[in-house]
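Understanding the architecture of this molecule
Here are the chains, one letter per residue:
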Amino acid sequence: MNAVHALGPNHWAACGDRRFAPDNMVRTGSRKGCPAPATCWCSTTGERPATSRADLPVVCGACVLEINAVTRAVVWQYPGPKRTFFSPRPGSAQRLPTGNTLIDEGIRGRFFQVAPAGKIVWEYRSAFVGKGPRGLQAIPWACRIQAVPYGWVP
Amino acid sequence: MRYDSARAHNGDVLLSSPNGKTCLIDRNGNVLHVWSCGGFPARMLNPASTGGVKGEIGVQTSLVAAGGRAGAIGPVPGEKGPLADLTCGHVNWQGGMLWRWGTQAPGGAVLGHQDWQRLPNGDTLILGNRVTRLQGLDKRLMLDPVMIYEVCPTRVDRLELQVPAAPERPGVQRRAAAADGARRAGRITCT
């Protein structure tokens, strides 16, 4: 388990599904009987296959999935069939207000923003180098990144 | 560096660098601000949850060598365990400590693991590790991220959940088997 999040107000709770009560939490790790959140974000890494619920045959590479929590259908994913990024452990994905998605290819320190159609509209390679996880040396890794609105900064 | 200003969502990006600092960069890659502590991960707090104060972030406020703590090992046999949070907390734009928590957790360290969240009620949700014993290895302990804490900044009490083990724990079994194999090969020494 490496992620836990309080659901907060969401579509399914508003529809009366008590599994998605705003006080409930979603966490990673699969266990039969546990409900998924209203929209499940899975940032899969190359360390192991993608979530089995998505039935995506990830052999090598990484992908970001948006999954409908009730139907369990993958409603958006990046990249397509061709795996174009890879991070064996750290990484993150964040949906932005414009519909773009900010992705952290953590082990390489490559941050990029993808439009809904899959086009990369912003990309940055971190120059902050230091000892990496698992004893790796001198890599610009970043566990997770966060898009910060201008209004949050003094 | 690639930037389509017409299509990209504009804003800044917060990241913790591997040199133990937290940085705020703009879309052009310029470093706007640096805090002298890292995060796992670092996150900026929504001013709506801080009474309108801008620039407060959550970070690791002190570290402990998790590998040395109670003899715990990392997932790779023989590897020194990583540094983990002894305490985590919130600091302001200038880096001043606002709140921290961790030594009250079981074992005396929060051993945070990759996620936390500031809740609308002001509490902080933290995912932490528990030091657990590996089956089949009498004196080997490892870090298992199964603890969820909800900590109130103004009260002593806390909500503490220990996520029950899944019916199948392939990760633990795999790690235990690997560590056992390494011990037989003489690459690590059980103490």
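Scroll up to find the structure.
Residues numbered from 1 in each chain as written. Chains lettered and ligands numbered in written order. Predicted model: local features only at pLDDT ≥ 70, side-chain atom pairs only at ≥ 80, totals over all residues. Heavy atoms only, no water.

This part is about the sheet that holds strand β10 (residues 145–148) of chain A. Taken together, the four strands give an open sheet; going across it, the order is β10(A)-β2(B)-β3(B)-β4(B), and neighbouring strands pair in antiparallel fashion. The open sheet has two free edges, formed respectively by β10 of chain A together with β4 (31–35) of chain B, since each of these has just one partner strand. The mean inter-strand angle of the sheet, taken between neighbouring strand axes irrespective of direction, is 20°. Relative to β4 of chain B, strand β3 (residues 21–25) of chain B is paired through four bridges, and the arrangement is antiparallel. (Pairing = 2+ DSSP bridges. Helix = DSSP H or I, 4+ residues; strand = E, 2+ residues; numbered from the N terminus. Axes fitted to C-alpha atoms, helices over the stretch in contact; angles between N-to-C directions.)

So, about the interface of chain A and chain B. On the side of chain B, 55 residues touch chain A, which itself brings 46 residues to the contact. When chain A packs against chain B, close to 4,400 Å² is buried across both sides, 63% of that on carbon and sulfur atoms. On the chain A side of the interface with chain B, the three residues burying the most area are M1, F128 and W152 of chain A, jointly 16% of the side's total. Applying the counting criterion to the chain A and chain B interface returns two salt bridges. The partner of E123 of chain A in a salt bridge is R2 of chain B, with the nearest N and O atoms 3.2 Å apart. The interface formed by chain A and chain B contains 15 residue pairs in polar contact (both at pLDDT 80 or more). (Contact = heavy atoms within 4.5 Å. Buried area = accessible area lost by both parts, 1.4 Å probe. Salt bridge = Lys/Arg side-chain N within 4 Å of Asp/Glu carboxyl O. Polar contact = N/O pair within 3.5 Å; in protein donor to acceptor, adjacent residues only side chain to side chain.)

The next subject is the environment of P116 of chain A. All names here are of chain A. Turning to its location among the elements, P116 is positioned in the loop between β8 (110–114) and β9 (120–125). Spatially, the C-alpha atoms of P116 and T98 are 9.2 Å apart, while their sequence positions differ by 18 residues. Aside from chain neighbours lying at most four places away, what touches P116 is W76, G99 and N100.

Residues and elements named next belong to chain B. When you tally the buried positions in strand β8 (residues 83–91), you get seven out of nine residues, the bulk of the element. Examined bridge by bridge, β8 and strand β9 (residues 97–101) share four bridges and lie antiparallel to one another. Bridge pairing in β9 links H90 to W99. The turn joining β8 and β9, which pair antiparallel and follow one another in sequence, is formed by five residues; a positive phi near 95° is taken by G95. (Buried < 20%, exposed > 50% of the residue type's maximum accessible area, 1.4 Å probe, protein only.)

This part covers unusual backbone geometry. Y78 of chain A connects to P79 of chain A through a cis peptide bond whose omega is -10°. Secondary-structure assignment places P79 of chain A in the loop between β5 (74–78) and β6 (92–95). Following F40 of chain B, the chain continues to P41 of chain B via a peptide bond in cis, the omega torsion being 0°. Structurally, the position occupied by P41 of chain B is in the loop between β4 and β5 (43–44). Of note, R72 of chain A is a non-glycine position whose phi angle comes to about 65°, a positive value. The residue R72 of chain A is located in the loop between β4 (63–68) and β5 in this model. By relative accessible area, R72 of chain A is classed as partly exposed at 44%. Not every positive phi belongs to a glycine, and L111 of chain B is a case in point at roughly 45°. As for its placement among the helices and strands, L111 of chain B is situated in the loop between β9 and β10 (112–118). The exposure class assigned to L111 of chain B is buried, which follows from its relative accessible area of 3%.

Any functional reading would require information beyond the geometric quantities listed.
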